Amino acid sequence: MTMFHFFNCAILTFGPHAVYYSATPLSEYDTLGTSVKAALVYLGTALVKLVCLATVLKVSENDGFDPYQELLKAVIGFIDVAGLYFALTQLIHRNISQNHKFQAVGLGWAFADSVLHRLAPLWVGARGLEFTWDFILQGLEANANLVLSISLAALGSLMWLRKNKPKTLIPIIYTCAGIVATMPSITSYLRRGLGWDFPKVVVFELFTSLSMAFISWQLFSACQRPS
Amino acid sequence: MANSKKPGGLREMLESMYSVIALLFILVACVELCDAAAAVDVYRLIQYDMSGSPFGSRFAALNHHAASLHFPPGVDLSRTVLIIPLRELNITFVREYINQKNPLGGLLVLLPEVLSFKTGGNKQVHEKEKMKILLAELERLLVHSNIPYPVYFFFENDEIDTVLADIKKNDLMGQPATATTGGYKFVIPTAEPKKVASPTMTNIQGWLSGLKTDGDANQLPTIAIVASYDTFGAAPALSVGSDSNGSGIVALLEIARLFSLLYSNPKTRGRYNLLFGLTSGGPYNYNGTQKWLRSFDQRLRESIDYAICLNSIGSWDNELWIHVSKPPENAYIKQIFEGLSNVAEELDLKVGLKHKKINISNPRVAWEHEQFSRLRVTAATLSELSVTPELLESTGGLFDTRQYVNETAIVRGVKLVAESLARHIYGHQGKNIQIFADESSLAVNPAYIRSWLDVLSQTPRVAPFLSKDDPFVMALKKELAGHVDEVNVQHETLEGIFTFYDSTSARLNIYQVASVTFDLLLLLVLGFYLIVLFSFLVITTRGLDDLISLFRRPPSRKLKTA
């Protein structure tokens, strides 16, 4: 029953993206093009990041947490933010409201991330006879990533697309964006530096993604009030 | 829109989170967290045909769930593998199971690690005798039965012990592993075993020429020392035969070394030729010895004064036996026996004489000297065994490992044979002269014996699985060539009543599999999750009415017009 398990893990990893697209008004306004463009931008940023990592990083012998390397990785992670900026501001979108734009971009971004990072291990690993919990946890991680990407896109659109923001909220917006952008470094520190095992890390990711989503939702609606 | 729906949306979000977490707990409770798959080396029971009748395990590939001896009674085992550790093995249970031809997916016997020649090494064996008797019985039962499912042997280690403990726990709870309840799956992916086409037996002979003076017109008399080097056991990949007949080979090599030292100097070269023979085909009625003797020149055969065959001289205390087929009153036999007894007395050990008549019409050849006797050459076998072994017994089985051999016994055996040979060659009968005394340059070398014994105890030597240019056979030839003048190798085909099948070892993969019910449950949970997510998103972004409108098309049209 191994193709069965693969199918289960695949719908856990990629299902929510499709559900999100069809459930929200995104499908009504046909924003598929935006999502696809965002996915392509993600591909481009991933390639750039790969090149930078290959030139800058050195292969470590042990699996421990090297602060200097992790710092470099975090800095390179900001290329992600740059890519998102490019996708939100530079690409030409059709007439879609800002509300839907960031959702579409975040969705495309998260889908490309899942496919790039999780499809290959799933195909190779989940079809074997041996059963592990890893792929289910990976699917949950993909869900958390979806929520995080959408919140990052929301905060990004607040930062770069909305001109009239309440002054008090601006620092909060930037700190939240900073936290969300450095999530990968935080999780790798937890896994390597503190030695948390995979389920714990996934639970932490889910929890933080939901709380970040909630906070960004509050910020977004707060910024929308004056208009 | 979002503002008015905020309290409701928040509550729903929390509810869905709680339900997801609760379902996760249920899933975790169903299937325990598992370890990775393990892979071990396993060794198959021998498969052979004797006169057309099949024996041994007839299958090699395995792909079934595993169960231990604690399986609930009445359960169908035709698609399960039974894994039995040796200490829990009940011979009567296995015998009944096989004799009643009950169906079974496979049988895996777990041997203690100390018997493994790769990892067991020099550990001490507890309860030696009990284990030896149990293994001998098991081997006898398995080798002489026709078993229609795969049977494998393998060794305990930590991974296997945890897997076995897990399996026992599941069985005791009344949940034997099947496709619907999960558990462990044992997979051995090998091809169907094929017949070994024309198996070869390789006989190695070494010739040490005696001193021929000008006065001798005829050929010098010859003394032959022979030992068979191949083995046969329940698991051919484990049949190292340290005692049967590793001890014999080692003794022969040491005797060759000692006499080559003596013969290297013309002043001490005896007036006898020495012929050393390492024969194959021992377990199969000494087929190889027969072919080797038949290949001899008539004159050579007539010049053989007598032959001494060495068979299992590695684990005796104080008594050795000389087995003969000519009656003890025969002058030559008396001579041989007296020579050996005199030396034995000096070495403080006993030799006894056992006479067994040969029946020419019976194809069964139990001792190597019988092949000589059938061609009218005087011969005797020196062995620690007092009882004649049955066919395919005492040929190096599962229990015949390094720990069961005592090298001091071999050293004493070598001294006995070498001294009596030397006294015969140099005519010192009755005189108390020790040629191979300790501390002399001709002393028996225990280190040589020990190192060769160690090598032999790590080399399985079942003849059909040794190719013509097998490295071990070549090594034996090279070693003998270092001691003698001339070495010849003879290749023969193992014909006759035996046919063998290959595939003697394989790799076992152990997987922990989840049951089908688990997959179905997971599918239900995920479907539910996606539906909840969908409804949640529709409600928060488009409103509850939209959700209901998805399921009721006709009324929505009416609503629109209204």
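Throughout this document, residue positions are counted from 1 along each chain, in the order its sequence is written. Think of it this way: whatever chain is written first is A, whatever ligand is written first is 1, and the rest follow in order. Thresholds applied to this predicted model are a pLDDT of at least 70 for local features of residues and 80 or more for the giving and counting of side-chain atom pairs; totals over whole chains, interfaces and linings are not thresholded and use all residues. Calculation of side-chain values draws on the structure's entire complement of heavy atoms; hydrogens and water are dropped beforehand.

S.K.: I tried to follow the overall build of chain A on my own but got confused; where do I start?
M.R.: What chain A contains, in helices and strands, is eight helices and zero strands. Here chain A has a C-alpha radius of gyration of 18 Å; the compact-globule value for 227 residues is 17 Å, and the two agree. For chain A, the C-alpha atoms occupy an extent of roughly 55 × 40 × 30 Å along the three principal directions. Each residue is assigned to one of three classes by its accessible area relative to the maximum for its type, calculated with a 1.4 Å probe on protein chains only: buried under 20%, partly exposed between the two thresholds, exposed over 50%. Counting only residues that meet the buried cut, chain A has 49% of its 227 residues in that class. Secondary structure elements follow DSSP: runs of H or I no shorter than four residues count as helices, runs of E no shorter than two count as strands, and numbering proceeds from the N terminus. For the radius of gyration, the atom set is restricted to C-alpha positions; the globular benchmark scales as 2.2 Å times the number of residues to the power 0.38.

S.K.: Whenever I open this one, the confidence of the model for chain B confuses me. Can you help?
M.R.: Residue and element names in this part refer to chain B. Confidence scores per residue from the predictor, reported as pLDDT, run from 0 to 100. On average, residues of chain B carry a pLDDT of 85, and 90% of them reach 70 or more. The contact rule is simple, with two residues in contact once any of their heavy atoms fall within 4.5 Å. Across residues 28–36 the pLDDT falls below 50, and counting only partners more than four positions away or on other chains, this stretch makes 16 contacts in the model. Here the predicted complex carries an ipTM of 0.86, next to a pTM of 0.77.

S.K.: Where do I start with a negative patch on the surface in this structure?
M.R.: Nonpolar side chains (Val, Leu, Ile, Met, Phe, Trp, Tyr) within 5 Å and like charges within 9 Å form the patches, drawn only from residues with over 30% relative accessible area and no salt bridge. With residues, only the protein chains shown are counted as cover, and all accessible areas are computed by Shrake-Rupley using a 1.4 Å probe. What counts as a salt bridge is simple: a side-chain nitrogen of Lys or Arg found within 4 Å of a carboxyl oxygen of Asp or Glu. Positive charges are assigned to Lys and Arg, negative charges to Asp and Glu, while His and the chain termini are left out of the count. To locate a charge, take NZ of a lysine, CZ of an arginine, CG of an aspartate or CD of a glutamate. A cluster of acidic side chains, namely E113, D158, E159 and D161 of chain B, defines a negative patch on the protein surface. By the secondary structure assignment, D161 of chain B is in helix α4 (residues 158–172).

S.K.: Would you mind going over the UniProt feature "transmembrane region" (unreviewed entry) in chain A with me for this structure?
M.R.: Residues and elements named next belong to chain A. UniProt marks residues 39–59, 71–92, 144–161, 168–190 and 202–220 with the feature "transmembrane region" (unreviewed entry), using the numbering shown here. As a span, residues 144–161 carries 94% helix and 0% strand, and end to end its C-alpha atoms are 25 Å apart. The span residues 168–190 carries 91% helix and 0% strand; its end-to-end C-alpha distance comes to 32 Å. UniProt positions are given in the numbering used here, feature names are shortened, and annotations may be inferred rather than shown by experiment.

S.K.: Teacher, can you tell me more about the sheet that holds strand β7 (residues 146–147) of chain B here?
M.R.: Sheet strands pair via backbone hydrogen bonds, and the direction of the pair is either parallel or antiparallel. Residue and element names in this part refer to chain B. Strands sit in the order β7-β3-β2-β18 across an open sheet of four strands; the sheet is mixed. Whereas interior strands pair on both sides, the edge strands pair on one side only; in this sheet they are β7 and β18 (498–500). Here a strand pair is declared whenever DSSP counts at least two bridges between the two strands. One ladder, built from two bridges, connects strand β3 (residues 53–57) with β7; its direction is parallel. Along β7, the bridge assignment pairs S57 with I147.

S.K.: I'm lost on the packing of aromatic side chains in this one. Help?
M.R.: Any pair of aromatic rings gets described here by the distance separating the centres and the angle formed by the planes. Two rings from Phe, Tyr or Trp (for Trp, the six-membered ring) form a pair when their centres sit within 6.5 Å of each other. Planes less than 30 degrees apart are called stacked, planes more than 60 degrees apart edge-to-face, and all others tilted. Enumeration according to the criterion identifies 22 aromatic pairs over all chains in this entry. Ring geometry for Y48 of chain B and F55 of chain B: centres 5.5 Å apart, planes at 20°, overall stacked. Both residues of the pair, Y48 of chain B and F55 of chain B, count as buried. Both rings, one in F498 of chain B and one in F500 of chain B, keep their centres 6.1 Å apart while their planes meet at 10°; by these two values the pair is stacked. F500 of chain B carries the same exposure label as F498 of chain B, and that label is buried. Note that K200 of chain A overlies the ring of W196 of chain A, its terminal NZ or CZ placed 5.1 Å from the centroid. Whether a charge sits over a ring comes down to the Lys NZ or Arg CZ being within 6 Å of the ring centre and within 35 degrees of the ring normal. Its guanidinium or amino end placed over the ring of Y448 of chain B, R257 of chain B lies 5.7 Å from that ring's centre, counting from NZ or CZ.

S.K.: What am I meant to see in the pattern of salt bridges here?
M.R.: Should their charged atoms come close, side chains of opposite charge can pair. All names here are of chain B. Under the defined criterion, the tally for this structure stands at 17 salt bridges over all chains. Across the pair R140 and E393 runs a salt bridge whose closest N-O atoms are separated by 3.1 Å. Of this pair, R140 sits in helix α3 (residues 128–143) while E393 sits in the loop between β16 (379–383) and α10 (407–426), and the two are 253 residues apart along the sequence. On the accessibility criterion, R140 (42% relative accessible area) is partly exposed. For the salt bridge of E407 with R402, the shortest nitrogen-to-oxygen distance reads 2.8 Å. Given a relative accessible area of 18%, R402 falls into the buried group. What you see here is one network of salt bridges that share partners, running through R402, E407, R450 and D454.

S.K.: Which parts of the structure should I look at to understand the UniProt feature "transmembrane region" (unreviewed entry) in chain B?
M.R.: UniProt's entry tags residues 520–544 of chain B with the feature "transmembrane region" (unreviewed entry), counted in the numbering of this structure. Taken end to end, residues 520–544 of chain B is 92% helix and 0% strand, and its two terminal C-alpha atoms sit 31 Å from one another.

S.K.: What exactly am I supposed to notice about unusual backbone geometry here?
M.R.: All names here are of chain B. Residue N245 follows S244 across a cis peptide bond; omega there is 5°. By the secondary structure assignment, N245 is in helix α5 (residues 242–263). For S51, which is not glycine, the phi dihedral falls at a positive 55°. On the secondary structure map, S51 appears in the loop between β2 (47–50) and β3. One non-glycine residue, S312, lies in the positive phi region at around 60°. Tracing the sequence through the fold places S312 in the loop between β13 (304–311) and β14 (319–324). According to the relative accessible area criterion, S312 is buried, its value standing at 1%.

S.K.: Just to check I follow, could you spell out the nonpolar core for this structure?
M.R.: Most often, soluble globular proteins keep nonpolar side chains buried together rather than apart. Residues and elements named next belong to chain B. Put simply, buried Ala, Val, Leu, Ile, Met, Phe, Trp, Tyr and Cys residues joined by side-chain atoms within 4.5 Å make one nonpolar core. Residues F259, F276, L310 and L416 are the most contacted members of the largest nonpolar core, which totals 65 residues. A per-element tally of this core places α5 first, with eleven residues. The contact partners of F259, leaving out residues within four places of it in the chain, are L208, L274, A418, L421, A422, I425 and F436. With 52 residues, the next largest nonpolar core counts L45, L104, A235 and L494 among its residues.

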